[in-house]
Amino acid sequence: MLISDKLLAEITKELKKQGRSIVFTNGCFDIIHSGHTKYLTDSKKLGDILVIGLNSDDSVRRLKGLSRPVNSQIDRAIVLSALKPVDYVCIFNEDTPFELISKILPDIITKGGDYNPEDIVGADIVRKNGGQVVVINYVEGKSTTNIIEKMKY
């Protein structure tokens, strides 16, 4: 479900009162592939509710260049929302999800295996609040960039 940051903060606060654990991850999720689905499935296994912070189109362009994203933020949010492990999708316009993480204070943050836990945005906030930072094994050779490169030939 695509949701605003304000409503997401209210919902996650209530879910935590009910004893439910919130898992958060973020990314561009431009062209969904099997690496994404494994990553999201593994992330969901760590808690009760999986929240995706989705980079806005403007944010993706700043991070990846003017040729990206391939799919609009609304299309990416619709696809992510349809995936079984995903409970909530929230689009953010900043380059990092720091503000969003600060609002929802997830119990767990996950990122792909190409990240060092100390470099994960929001890790300090989550740890300060008793949460965990988990690096999910990266699926070798599965990336949006690789897909785009293959399409060029």
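Bear in mind that the values here come from a model prediction, so they are computed numbers and not experimental data.

Draft legend 1. Layout of the pattern of salt bridges. Applying the stated rule across the entire model yields eight salt bridges. With a shortest N-O distance of 2.5 Å, Asp-42 and Lys-38 are connected by a salt bridge. Taken together, the positions of Asp-42 and Lys-38, both in helix 2 (residues 34-44) and four residues apart, correspond to about one turn of that helix. The class for Lys-38 is partly exposed, based on a relative accessible area of 39%. Salt bridges here are not isolated pairs; linked through shared partners, they connect Lys-38, Asp-42 and Lys-45.

Draft legend 2. The arrangement of a nonpolar patch on the surface in detail. Residues Leu-2, Ile-74 and Ile-78 make up a contiguous nonpolar surface patch of roughly 270 Å² in combined accessible area. For Ile-74, the position within the fold is in helix 4 (residues 73-82). Accessibility expressed as a relative area gives 43% for Ile-74, which makes it partly exposed.

Draft legend 3. Representation of the pairing of strand 4 (residues 108-112). Among the five residues that make up strand 4, five are buried, leaving the element largely enclosed by the rest of the structure. As defined by bridge partners, strand 1 (residues 22-27) adjoins strand 4 across two bridges and the pair is classed as parallel. Paired with Val-23 across the two strands is Ile-108, which belongs to strand 4. The β-α-β motif built from strand 4, the intervening helix 6 (residues 123-128) and the parallel element strand 5 (residues 132-136) has right-handed crossover chirality.

Procedures and definitions
- Residues numbered from 1 in each chain as written.
- Predicted model: local features only at pLDDT ≥ 70, side-chain atom pairs only at ≥ 80, totals over all residues.
- Heavy atoms only, no water.
- Salt bridge = Lys/Arg side-chain N within 4 Å of Asp/Glu carboxyl O.
- Helix = DSSP H or I, 4+ residues; strand = E, 2+ residues; numbered from the N terminus.
- Buried < 20%, exposed > 50% of the residue type's maximum accessible area, 1.4 Å probe, protein only.
- Patch = residues over 30% accessible without salt bridge, like charges linked within 9 Å, V, L, I, M, F, W, Y side chains within 5 Å.
- Areas by Shrake-Rupley, 256 points an atom, 1.4 Å probe, with all protein chains shown as cover.
- Pairing = 2+ DSSP bridges.
- Right-handed = clockwise from strand over helix to strand, strands pointing away.

Without other data, these values stay purely geometric and don't point to any function.
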